[in-house]
Amino acid sequence: MTIYGVDPSADSFTADTFPPTGATDYPNTPDGLAAFCAALPDESLVGVENTGVYSELLCYALHHAGVAVMLLDPGAVHRAFPPGPKTDALDSARIAEYAHRYADRLARWQPRAEVVEQVRVLLATPPTTGGWEHLVGQRTAALNARSALRRKVVQTPGANAALDAVAAALREQVGAIEAELRRLIGAHPSLAQGVSLLVGIPGVGLLLASQMVVLTEGFTDVPPARRLASRLGIAPHPHRSGTSVRRPDRSRGYGHPAVRKLLHLAARSRRTHDAASRGYFEAKVGAGKAARLVLNNLSNRLVAVMCAVLRDGVPYRSDHVSVAPMVLTGHRQSG
């Protein structure tokens, strides 16, 4: 098997093999992509550095040509090598070496279902111009600026009117995106059923349910709750080594910021409106736990509930009692 590394950019991409045989530049155009695919030997594996839309066209072209593709995290590739010079040729060789090292551990790239990709773009995760998250950020900035101007002693009507118009236009566009999400999901029965199950959970709205569409590849790959929470950066992980390094378990804080924010808002909503969640929150805070930590615990519980209703295909029930596996098997934990 010949392993290639590709460093894509807006106008071109550079490719080399492992071991290096000399980098080659191609235009990042349909003709350039066709030339690269034609030059690949049989049984090739191509590692492509993820540069967003610049690498997307390349991945689709390689996949349609029947070539195995791995989409690689630029940060992971960068950390795998010592600091030094940076050129496109050197980067492509390092990408190829990284792909060689981890070929048995990295997933092969597959295109998303078209509807899932459309939902992802509407949500803009990660944020891109025109998506819901981007527009909400702009609307919030406009409203904050308008609020600041409202406090000034000397008022400027022209500035006030301009910010009011901007905020109104952004509010309309955010509403249009939410309406398009409803239309798009409603046109696909499997997505509509899954979203209906999710929004039946207290605290879960359309946007969080839509994010779950993307995270689970259209509800076709629902991971265990702990794995999803870890992926989102909200699962507490131990930090212990030997007898001296013993820190409290804590979440890593990386992952999808938009999803983490929605989960935090959902946890706050459940704390207010869900009796069981409110009782849990008050008991933990009363025992001395930090409120933010307890809200994070509620976010983890919510992830577990969402994964459960999707996995089992049954609506949420507030009186459901979770049975630990040890009870089902007749085993009990010691201590």
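Residues numbered from 1 in each chain as written. Predicted model: local features only at pLDDT ≥ 70, side-chain atom pairs only at ≥ 80, totals over all residues. Heavy atoms only, no water.

## Examining the pairing of strand S5 (residues 68-72)
Consecutive side chains of a regular strand alternate in pointing toward one face of the sheet and then the other. In this sheet, S5 lies alongside strand S4 (residues 44-49) in parallel orientation, the contact comprising five bridges. Each residue of the ladder has a partner; that of Leu-45, found in S5, is Ala-68. Taking the sense of rotation as the criterion, the β-α-β connection linking S4, helix H2 (residues 53-64) and S5 turns out right-handed. (Pairing = 2+ DSSP bridges. Helix = DSSP H or I, 4+ residues; strand = E, 2+ residues; numbered from the N terminus. Right-handed = clockwise from strand over helix to strand, strands pointing away.)

## Concerning the sheet that holds strand S2 (residues 12-18)
Pairing is mixed in the open sheet, where five strands are placed in the order S3-S2-S1-S4-S5. In this open sheet, the two edge strands, each paired with only one partner strand, are strand S3 (24-27) and S5. Going from strand to strand, the sheet's axes swing by 25° on average, the running direction of each strand aside. The strands touched by helix H1 (residues 30-39) are strand S1 (2-8), S2, S3 and S4; relative to S3, the strand with the most contacts, the crossing angle is about 140°. Lying on the sheet, H2 is in contact with S1, S2, S4 and S5; it crosses S4 at an angle near 165°. (Axes fitted to C-alpha atoms, helices over the stretch in contact; angles between N-to-C directions. Contact = heavy atoms within 4.5 Å.)

## Some thoughts on the packing of aromatic side chains
Going through the model one piece at a time under the given rule, you end up with six aromatic pairs. Arranged with centres 5.3 Å apart and planes meeting at 15°, the rings of Phe-13 and Tyr-26 form a pair that is stacked. Pair noted here: Phe-13 is in strand S2 and Tyr-26 is in strand S3, with a separation of 13 residues, a long-range link. Relative accessible area serves as the criterion here: at 0%, Phe-13 is assigned to the buried category. Among the residues examined, Tyr-26 registers a relative accessible area of 15% and is labelled buried. (Phe/Tyr/Trp six-rings, centres within 6.5 Å; stacked < 30°, edge-to-face > 60°. Buried < 20%, exposed > 50% of the residue type's maximum accessible area, 1.4 Å probe, protein only.)

## Notes on the nonpolar core
Across soluble globular proteins, nonpolar side chains have a tendency to be buried as a group. Core analysis: the biggest nonpolar cluster contains 44 residues, and Leu-198, Leu-208, Leu-263, Val-303 and Met-306 have the highest contact counts within it. Going through the elements one at a time, helix H5 (114-123), helix H6 (132-150), helix H7 (157-186), helix H8 (189-199), helix H9 (206-215), helix H10 (225-232), helix H11 (257-273) and helix H13 (291-312) are the ones with two or more residues in this core. Per element, the largest residue contribution to this core is eight residues, and it comes from H9. Filtering out sequence-adjacent residues up to four positions away, Leu-263 remains in contact with Leu-208, Leu-232, Ile-234, Ser-299, Leu-302, Val-303 and Met-306. Membership of the second largest hydrophobic core comes to 17 residues, among which are Ala-15, Tyr-26, Phe-36 and Leu-62. (Core = buried A, V, L, I, M, F, W, Y, C linked by side-chain atoms within 4.5 Å.)

## Considering the pattern of salt bridges
Counted under the stated rule, the structure contains nine salt bridges. One salt bridge in this structure joins Asp-164 and Arg-146, with 2.9 Å as the shortest N-O distance. In this pair, Asp-164 sits in helix H7 while Arg-146 sits in helix H6, placing the two residues 18 residues apart along the sequence. Since its relative accessible area comes to 12%, Arg-146 is described here as buried. Shared partners join several salt bridges into a network, and the residues in it are Arg-112, Glu-117, Arg-120 and Glu-217. (Salt bridge = Lys/Arg side-chain N within 4 Å of Asp/Glu carboxyl O.)

## Concerning the environment of Ser-277
Mapped onto the fold, Ser-277 is located in helix H12 (residues 275-286). Among the residues examined, Ser-277 registers a relative accessible area of 6% and is labelled buried. Sequence separation between Ser-277 and Leu-298 is 21 residues; the distance between their C-alpha atoms is 7.3 Å. Apart from residues no more than four positions distant in its own chain, Ser-277 is found in contact with Arg-270, Arg-271 and Leu-298.

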